[in-house]
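# Coordinate analysis (summary)
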Amino acid sequence: MFRNQVKWKCFLACHTQVDVKYGLYYVSGTGYYHCQNHYDTYDDDRRLALNDYVQQELDISWNALLRNINPPGSMRGFVAASPSTSYPDYFYTWTRDAALVMRVVVDNYNEDGVKRLLHDYVASEIYHQVTSTLCDCLGEPKFNKDGSGYDGSWGRPQNDGPASRAITMMLLAEKSHENYVKKTLVPAIFADLDYVADVWSTPCFDLFEESEGLHSYTLLVMRRALVDGARFASQHSDPGRAATYTRVSEKIRERLETFWDGDHVVVTQEHTGGLYKPSGLDVSVLLGVNQAGTYVAPPPCSLAILATAHALEKSFERLYHVNSAHPDQLGTAIGRYPEDTYDGYRSGSEGNPWFLATAGMAETYYRATLEWQSDQSSVVVNAINGPFFGRLLAQEPEKLIGTTFHYGTPDFEALVGKMTEAADRFMATIQYHQRLNGSLSEQFNRYTGFEQGARDLTWSYASFISAAKARNGRPVK
């Protein structure tokens, strides 16, 4: 029984682990859920047709994202990860999260008031660059609402943050007045890029803050930052930096090629501490590819990325109960990685699907179809991507190997249609599990399907917007 069959009214006495057996909920551990099931049909009329839903949710996500920038009681330019201040307390600004959110804001540069928000953001990040922190480096992951560095125990440094920040600021530079770029943006961008070029091969904590090593996501965004940075340095008469950034970006490219293990792109090498992920699977690989762009990273339609997407989906569809209970029109709910034990409130529990991970998977599909169409090249099925296409086309992979979908043919158009439908099912999964008011938390429960963890997660809204723009044929740069 699930949402389309049963409406559940659950009054949470205290947070605990909830298991599902034979369609009924029971409680293990302390605390309890008191649940009433109403055997009536889920009101499908309350769920809009997907096209209408995506447009409506774009507006909701944009407005929710804006509410989390410069919230009351914070310094100007503060990008709150969430308005939640307890259980869990996410009322901080993370360098990475803020950069990813403001990258979406830059993409909406012509919206009213956006320029002022971006200038506030830049000013606060420049302040963070020179703020004294425990990390004593630009890889300090998060800051308090007053701009001071967080001084508690944390996984630091996180060196993807400065790379993502540099990417966002360079995108802003393309839209800004020359004087603002030279006086404000250039010094801040070069500070981050110099840092990235210096530390790229040094182990650090990953974007999910739990594992220390060399991470594919971190290297992907670093390479994007340095490739863009080399062009930026040339434009601003600094050939020395341009040469350095180009040289280091090539070293990163060579290193990234070693992350392919024959089945998928692994998440981490040289693990030096924190959580170890034996599967090597992590949705951050797809998030990194989406962010890095096809000119610096393997495109979403590449053999390695499609194989990785398949491996991730295969893992999560078996791991989360909601996936076996989903109606056919929904896609697989995607989490961070199979070994995840963070439930949105504490570690050592059971991980759940994440909205940003499910949106990230959808975006990978949308971007892959856009690449096929823009390249106007044939799609060839082989042993590496065969399992992905077998899943997509509901056929045995072995029977598809050797098949070619020639650009411009009905078979090619049918393949693009299948990819778009599959991506849309991931978006429908987001629609199905979010609250009816359109809000997006961090996670939704692997058993019940209901939202949990930090409410109104800014990164969730940014990820939905990014996926929706890719769906509309205009992906975020």
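Starting afresh in each chain, residues are numbered from 1 along the sequence in its written order. It should be noted that, the model being predicted, local features are given only for residues of pLDDT at least 70 and side-chain atom pairs only at 80 or more, the latter also being counted only at that level, while totals for whole chains, interfaces and linings use all residues. Working from all heavy atoms in the structure, the side-chain values ignore hydrogens and water.

Direction vectors running N to C along helix 6 (residues 216–235) and helix 7 (residues 239–256) enclose 155 degrees, while the axes themselves pass 8 Å from each other. One way to sum up the angle between helix 6 and helix 7 is to call them roughly antiparallel. When you trace helix 6 past helix 7, the crossing you get is left-handed. In this structure, helix 6 contributes Ser216, Leu219, Leu220, Met222, Arg223, Leu226, Val227, Gly229, Ala230, Ala233 and Ser234 to the contact, and helix 7 contributes Arg241, Ala242, Tyr245, Thr246, Val248, Ser249, Glu250, Ile252, Arg253, Arg255 and Leu256. A breakdown of the residues in the contact of helix 6 with helix 7 according to their chemical character gives 12 nonpolar, 5 polar and 5 charged. Fitted lines through C-alpha atoms give the axes, limited to the stretch in contact for helices. The angle between two N-to-C directions lies from 0 to 180 degrees. Helical segments are the DSSP runs of H or I of at least four residues, strand segments are the runs of E of at least two, and each set is numbered from the N terminus. Angles are sorted into four bins: roughly parallel if under 35 degrees, roughly antiparallel if over 145, roughly perpendicular if 65 to 115, and oblique for all others. Left-handed describes a crossing whose near helix is turned anticlockwise from the far helix through less than a right angle; right-handed describes the clockwise counterpart. Contacts are assigned to residue pairs with any non-hydrogen atoms lying within 4.5 Å of each other. Each residue is assigned to one class: nonpolar for Ala, Val, Leu, Ile, Met, Phe, Trp, Tyr, Cys and Pro, charged for Asp, Glu, Lys and Arg, and polar for all the others, Gly among them.

Here we take up the nonpolar core. With 136 residues, the main nonpolar core has Trp372, Phe389 and Met427 as its most contacted residues. The element contributing the most residues to this core is helix 5 (residues 178–199), with 12 residues. In this structure tryptophan 372 touches Cys301, Leu306, Ser377, Val379, Phe389, Tyr407, Phe412, Leu415, Val416 and Met419, once residues within four positions along its chain are discounted. For our purposes a nonpolar core is just a set of buried Ala, Val, Leu, Ile, Met, Phe, Trp, Tyr and Cys residues, chained together by side-chain atoms within 4.5 Å. Burial classification: accessible surface area is computed with a 1.4 Å probe over protein chains only, and a residue below 20% of its type maximum counts as buried, one above 50% as exposed, and the rest as partly exposed.

Volume-wise, the second largest pocket comes out at about 460 Å³. Taken together, 24 residues form the lining of the second largest pocket, with Tyr90, Trp94, Trp154, Glu209 and Tyr342 sitting closest to its centre. Classifying every residue of the lining of the second largest pocket gives 14 nonpolar, 2 polar and 8 charged. A cavity, in this analysis, means grid points on a 1 Å lattice covering only the protein atoms where a 1.4 Å probe fits yet has no way out; a pocket is instead an open set bounded by protein on both sides within 12 Å along at least five of seven lines, and a residue lines either one if it has an atom within 4 Å of a point. Grid points are joined across faces, edges and corners, and a volume is the space filled by probe spheres set on the points.

Pairing between strands requires that DSSP locate at least two bridges from one strand to the other. Spatially, the 3 strands line up as an open sheet ordered 7-8-9, and their pairing is antiparallel. In this open sheet, the two edge strands, each paired with only one partner strand, are strand 7 (204–205) and strand 9 (268–274). Pairing geometry for strand 8 (residues 211–215) and strand 9, over 4 bridges, is antiparallel. Residue pairing in the sheet places histidine 215 in a bridge with threonine 268 of strand 9.

Here the structure, examined in full by the defined rule, presents 1 cavity of 30 Å³ or more. Each pocket or cavity is described by its volume, and for the largest cavity that value is around 190 Å³. Lining the largest cavity are 14 residues, and of these Arg103, Glu363, Trp459, Ser463 and Ser466 sit closest to its centre. Those elements that place two or more of their residues in the lining of the largest cavity are helix 2 (95–107), helix 8 (284–292), helix 11 (355–375) and helix 15 (458–471). When residues of the lining of the largest cavity are assigned to their parent elements, the largest contribution, 4 residues, is made by helix 15. Across the lining of the largest cavity, the residue classes break down as 7 nonpolar, 5 polar and 2 charged.

Okay, the pattern of salt bridges next. The term salt bridge refers to a side-chain nitrogen of Lys or Arg lying within 4 Å of a carboxyl oxygen of Asp or Glu. Inspection of the entire model under this criterion finds 31 salt bridges. The salt bridge involving aspartate 107 is made with lysine 469; its shortest N-O contact spans 2.7 Å. Placement of the pair is aspartate 107 in helix 2 and lysine 469 in helix 15, with a sequence separation of 362 residues. Residue classification places aspartate 107 among the buried positions, given a relative accessible area of 16%. Note that aspartate 206 is salt-bridged to lysine 277, the shortest N-O span being 3.4 Å. Note that aspartate 206 is positioned in the loop between strand 7 and strand 8 and lysine 277 in the loop between strand 9 and helix 8, a separation of 71 residues in sequence. The same class applies to aspartate 206 and to lysine 277, which are both buried. Via salt bridges that share partners, Arg223, Glu250, Arg253 and Glu257 belong to a single interconnected network.

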